[in-house]
Amino acid sequence: MDENMNVYQNPLTGRYASKEMSYNWSPQRKHSTWRRLWLALAESEKELGLPITDKQLEEMRAHLDDIDFDAAAAEEAKLRHDVMSHIHVFGAQCPEAKPIIHLGATSCFVTDNTELIQMRDGLKLIQAKLLKVVTILAGIADQYKDLPTLGFTHYQPAQLTTLGKRFSLYLQDFVMDLQRVTEEIGKIPFRGVKGTTGTQASFMELFHGDQDKVRQLDKLVSKKMGFDSSIALSGQTYTRKVDFFVLSVLSGIAQSCYKMAGDIRLLANLKEIEEPFGKNQVGSSAMAYKRNPMRSERVCSLSRYLMSLPVNCAMTHSTQWFERTLDDSANRRIVLGEAFLTADVILSLIANIADGIQVWPKVIAAHINAELPFMATENILMEAVRAGGDRQDLHEAIRTHSMEASKVVKAEGKPNDLIERLAADPLFAKVAPMFKDILDPKLFIGRAPQQVTDYLENTVRPLIAELSAKTGPAAEDEIRV
């Protein structure tokens, strides 16, 4: 038996998430970033005059990625401290540099700064996937901007809209998410070089009280790690409000994904729209005919989980004592990575669903035809009045015929025959030849097509063009259904 089958496996990494996001939160990425931070610190300290040699730095550069995780685990079993265990292992590989590794730093120099890097880079992966979703949805909105469809309020038939307009509502949600992700990437601060309780006292000691050099050290390390600046103030940790802000953005993405996937599930029941369905895909183990919206259901399932996580971060920030307490550590090892992995998964699924969406216009038209006669009665009434009829008599006739037609539909299961009833009524004889034109669905969609066109031209396409030049394409994911 495979021994791996005897231990818990996280389905986010084993079943769902992309290799790029999985790597971003992997032990290799985490601990190689620790080493890069130690190198950046040592380089900067040397630049500012501390007695660190080029040989020591070269030795560190030569061992940034070849981490002996077994040796680190053995050290941690003895020391009960993950950062110290990796300092020892790195030091064993770099004997010349060993005395200056982690010089003046506290554990949060590597742990907090690494997490901020992982969140920034994770958001960049999310940004690329959001851009892909926005691009696909923009195409759907444009393609179907003129296709009338029943609108629903309270999940009851309402005035008509267009399918493209409906998809533009999903699109707008994702555009807002994309804008917030882009803003958050620029806002994520670096913890920088702040010392044990955030006072930089150890670095003041190293540089003999030279405040300018301590300030410069913070700036140099931040720049080497790709940040324009660091957070102005910290305790031992950066404020955990940052985690809440970032996960709130991810929660917003989950909300958008759930909304769209939930609607697709409802429309699949109506047979108007269906998600992609594989040639050999099985919908049910018992009911062979079924085409269950499994991808959309998975989106909703995982989105529900992601939406719950910002509360966790809010509680973590609010319960931090003074300059720090360690009850955030174990919690954040789980919540940060899983939030990003979950967001990654649901965006991959939404992109896949949207890219292969199946639209059935004739079913949509049939549903319109079943409801439009009731919706068109006001237009018919106005035309009949223009033709010389008495408004009150016409209104009563329409009410009576509507009740009878509704009864036939509900009690007998027959098609809506309201128009036939009105055409046979002498009160409507003058306008009956106009009924076909009056019942044209495109007369009931208002400015929906123009609204879609305006939104695409004024907001979406400029945003796609701007971000496409900056982000590059999202990775292609294998969707396992």
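The structure presented is a predicted model; accordingly, all values stated were derived computationally and were not measured.

Asks: Teacher, can you tell me more about the overall build of the protein chain here?
Replies: Scanning the protein chain for helices and strands turns up 19 helices and 4 strands. Relative to a compact globule of 481 residues, whose C-alpha radius of gyration would be 23 Å, the protein chain shows 31 Å and is clearly more extended. Counting only C-alpha atoms and orienting by the principal axes, one finds that the protein chain spans roughly 105 × 60 × 40 Å. The buried share among the 481 residues of the protein chain stands at 50%. By sequence separation, contacts in the protein chain at least 24 residues apart represent 78% of the contacts at least 6 residues apart. Accessible surface computed for the protein chain: about 24,100 Å², of which carbon and sulfur atoms make up 54%. Of note, the protein chain has its 57 positive side-chain charges centred 1 Å away from the centre of its 62 negative side-chain charges.

Asks: Where do I start with the pairing of strand E2 (residues 156–162) in this structure?
Replies: It is a general feature of regular strands that their side chains alternate between the two faces of the sheet. In terms of strand pairing, strand E1 (residues 148–153) meets E2 through 6 bridges, oriented antiparallel. Among the inter-strand pairings, glycine 151 is bridged to a residue of E2, identified as alanine 158. Here E1 folds back onto E2 in antiparallel fashion, the turn holding 2 residues, of which histidine 154 has a positive phi close to 60 degrees.

Asks: Before we go on, may I ask you to explain the packing of helix H7 (residues 107–143) against helix H13 (residues 329–355) in this structure?
Replies: At a closest axis distance of 9 Å, the pairing of H7 and H13 adopts a crossing angle of 15 degrees. Considering the angle they form, H7 stands roughly parallel to H13. Our pair here, H7 against H13, has a crossing hand that is left-handed. Contacts between H7 and H13 involve Glu115, Met119, Gly122, Leu123, Ile126, Lys129, Leu130, Lys132, Val133, Ile136, Leu137 and Ile140 from the former and Arg332, Leu336, Phe340, Ala343, Asp344, Leu347, Ser348, Ile350, Ala351, Ala354 and Asp355 from the latter. Among the residues forming the contact of H7 with H13, the class breakdown is 15 nonpolar, 2 polar and 6 charged.

Asks: Teacher, can you tell me more about the packing of aromatic side chains here?
Replies: Remark: the centre distance and the inter-plane angle together describe each pair of aromatic rings, the angle taken between the planes. According to the stated counting rule, one finds 7 aromatic pairs in the structure shown. Ring centres 5.2 Å apart and planes at 85 degrees place the aromatic pair phenylalanine 167 and tyrosine 170 in the edge-to-face group. Highlighted residues: phenylalanine 167 and tyrosine 170, both in helix H8 (residues 163–187), separated by 3 residues, approximately one helical turn. You'll find phenylalanine 167 and tyrosine 170 in the same group, each marked buried. The interplanar angle of 25 degrees and the centroid separation of 4.6 Å between the aromatic rings of phenylalanine 190 and phenylalanine 227 together place this pair among those described as stacked. Placement of phenylalanine 190 in the loop between H8 and helix H9 (201–206) and of phenylalanine 227 in the loop between helix H10 (211–224) and helix H11 (241–270) is noted, with a sequence separation of 37 residues between them. Here phenylalanine 190 falls in the buried class, since its relative accessible area comes to 0%. The class of phenylalanine 227 is buried, set by a relative accessible area of 5%. An aromatic cluster is defined as three or more aromatic residues linked by ring pairs; in this entry it consists of Trp34, Trp38 and Phe90.

Asks: Quick question: what am I supposed to make of the packing of H11 against H13 here?
Replies: When two helices pack together, their arrangement is given by the angle between the helix axes and the distance between those axes. Two elements in contact, H11 and H13, have axes whose closest approach is 10 Å; the angle formed by their N-to-C orientations is 30 degrees. Comparing their axes, H13 and H11 come out roughly parallel. Viewed along their axes, H11 and H13 form a crossing whose handedness is left-handed. Where H11 abuts H13, its residues Asp243, Val246, Leu247, Leu250, Ile253, Ala254, Cys257, Met260, Ala261 and Ile264 lie against Arg332, Val335, Leu336, Ala339, Phe340, Ala343, Ile346, Leu347, Ile350, Ile353 and Ala354. Of the residues belonging to the contact of H11 with H13, the class tally is 19 nonpolar, no polar and 2 charged.

Asks: What exactly am I supposed to notice about helix H15 (residues 377–386) here?
Replies: Think of an α-helix as turning once every 3.6 residues; residues three or four places apart then point the same way. Turning to H15, its buried residues number three or more, namely Thr377, Ile380, Leu381 and Ala384. For H15, the angular spread of buried residues about the axis comes to 100 degrees, placing them on one side. The exposed residues of H15 that point more than 90 degrees off its buried face are Glu378 and Arg386. Residues of H15 that are buried in the fold lie against helix H14 (361–375), helix H16 (391–412), helix H17 (418–424) and helix H18 (435–438). Downstream of H15 by a residue or two, glycine 388 has a phi angle that is positive, lying close to 105 degrees.

Asks: Honestly, the side chain of threonine 161 in this entry has me stumped. Any pointers?
Replies: Relative to the helices and strands, threonine 161 is located in strand E2. Each residue touching threonine 161, except ones within four places of it in the same chain, is listed here: Leu147, Pro148, Thr149, Leu150, Gly151, Arg166, Ile445 and Ala448.

Asks: Quick question: what am I supposed to make of the pattern of salt bridges here?
Replies: Within this structure, the stated rule accounts for 30 salt bridges. Within this structure, Glu43, Glu47, Glu58, Arg61 and Lys224 form a network of salt bridges that share partners.

Asks: In this structure, what is going on with the environment of threonine 400? I would like to understand it.
Replies: Tracing the backbone through its elements, the reader meets threonine 400 in helix H16. Look at threonine 400 and you get partly exposed, because its relative accessible area is 36%. For the pair threonine 400 and glycine 209, spaced 191 residues apart in sequence, the C-alpha to C-alpha distance is 92 Å.

Calculation criteria
- Residues numbered from 1 in each chain as written.
- Predicted model: local features only at pLDDT ≥ 70, side-chain atom pairs only at ≥ 80, totals over all residues.
- Heavy atoms only, no water.
- Helix = DSSP H or I, 4+ residues; strand = E, 2+ residues; numbered from the N terminus.
- Rg over C-alpha atoms; globule rule 2.2 N^0.38 Å.
- Buried < 20%, exposed > 50% of the residue type's maximum accessible area, 1.4 Å probe, protein only.
- Contact = heavy atoms within 4.5 Å.
- Areas by Shrake-Rupley, 256 points an atom, 1.4 Å probe, with all protein chains shown as cover.
- Lys, Arg positive; Asp, Glu negative; His and termini not counted.
- Charge placed at Lys NZ, Arg CZ, Asp CG, Glu CD.
- Pairing = 2+ DSSP bridges.
- Axes fitted to C-alpha atoms, helices over the stretch in contact; angles between N-to-C directions.
- Parallel < 35°, antiparallel > 145°, perpendicular 65-115°, else oblique.
- Left-handed = near helix turned anticlockwise from the far one by under 90°.
- Nonpolar A, V, L, I, M, F, W, Y, C, P; charged D, E, K, R; others polar.
- Phe/Tyr/Trp six-rings, centres within 6.5 Å; stacked < 30°, edge-to-face > 60°.
- Arc of directions from axis to C-beta.
- Salt bridge = Lys/Arg side-chain N within 4 Å of Asp/Glu carboxyl O.

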